[in-house]
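Chain by chain, the residues run as shown.
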Amino acid sequence: QVQLQESGPGLVKPSQTLSLPCTVSGGSITTSFDYWNWIRRPPGKGLQWVGAISYSGSTDYNPSLKSRTSISRDTSKNQFTLQLSSVTPEDTDVYFCARNSQVAGYRYLEVWGQGTLVTVSS
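In this text, all values refer to a predicted model and were calculated from it rather than measured experimentally.

**What about the state of the cysteines?**
Tallied over the entire structure, the rule returns 1 disulfide. The disulfide that involves C22 links it to C97, with 2.1 Å between the sulfurs. Residues C22 and C97 are joined through a disulfide that is right-handed, its torsion about the S-S bond being 70 degrees. Of this pair, C22 sits in strand β3 (residues 18-25) while C97 is found in strand β9 (residues 93-100), placing the two residues 75 residues apart along the sequence.

**So, unusual backbone geometry**
F33 follows S32 through a cis peptide bond whose omega is 0 degrees. Looking at the element boundaries, F33 is found in the loop between β3 and β4 (35-41). Its identity as a non-glycine residue notwithstanding, S86 has a phi of 50 degrees, on the positive side. Along the chain, S86 turns up in the loop between β8 (79-84) and β9. We classify S86 as partly exposed; its relative accessible area is 42%. Backbone geometry places Y106, a non-glycine residue, at a positive phi of 65 degrees. Within the fold, Y106 resides in the loop between β9 and β10 (111-112).

**Looking at the nonpolar core**
Ranked by size, the top nonpolar core spans 24 residues in total, and within it L4, L18, W38, F80 and Y95 carry the most contacts. For this core, the elements supplying multiple residues, two or more each, are β3, β4, β5 (48-54), β8, β9 and β11 (116-120). Sort the elements by how many residues they give to this core and β3 lands first, with 4 residues.

**Looking at the pattern of salt bridges**
What the rule picks out here adds up to 4 salt bridges. Here R40 and D93 are joined by a salt bridge, their closest N and O atoms 3.1 Å apart. Of this pair, R40 sits in strand β4 while D93 sits in strand β9, placing them 53 residues apart in sequence. Judged by relative accessible area, D93 falls into the buried class, the value being 1%.

About the criteria used
Residues numbered from 1 in each chain as written. Predicted model: local features only at pLDDT ≥ 70, side-chain atom pairs only at ≥ 80, totals over all residues. Heavy atoms only, no water. Disulfide = S-S within 2.5 Å. Helix = DSSP H or I, 4+ residues; strand = E, 2+ residues; numbered from the N terminus. Buried < 20%, exposed > 50% of the residue type's maximum accessible area, 1.4 Å probe, protein only. Core = buried A, V, L, I, M, F, W, Y, C linked by side-chain atoms within 4.5 Å. Salt bridge = Lys/Arg side-chain N within 4 Å of Asp/Glu carboxyl O.

So, to be careful, I would describe these as geometric facts and stop short of saying anything about function.
Here is the structure:
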């Protein structure tokens, strides 16, 4: 059973870079043709897709966040990490990692982490 777990810092100061790892168990982040995503949800609001990294390491980002976003991976740890730079209080969100794969024909993100609240405040 594939499981994803976010490891959030809890609190980040404005202008700093958020670093948010997601650890995958029960499956490999290099499995063809899986895609590993970051999504965020402002408290009380809807979901926003942030970006993704593929099984081969290629990346794709939401155009509205692209200039501040980087997703990387560490295959030895079976882990992928979101970095969001120059954060502001508007980046205070619950952040989720999730898998998109051939299991669901890429129709939806079928496996999700539980989410972690990141608060941007001085």
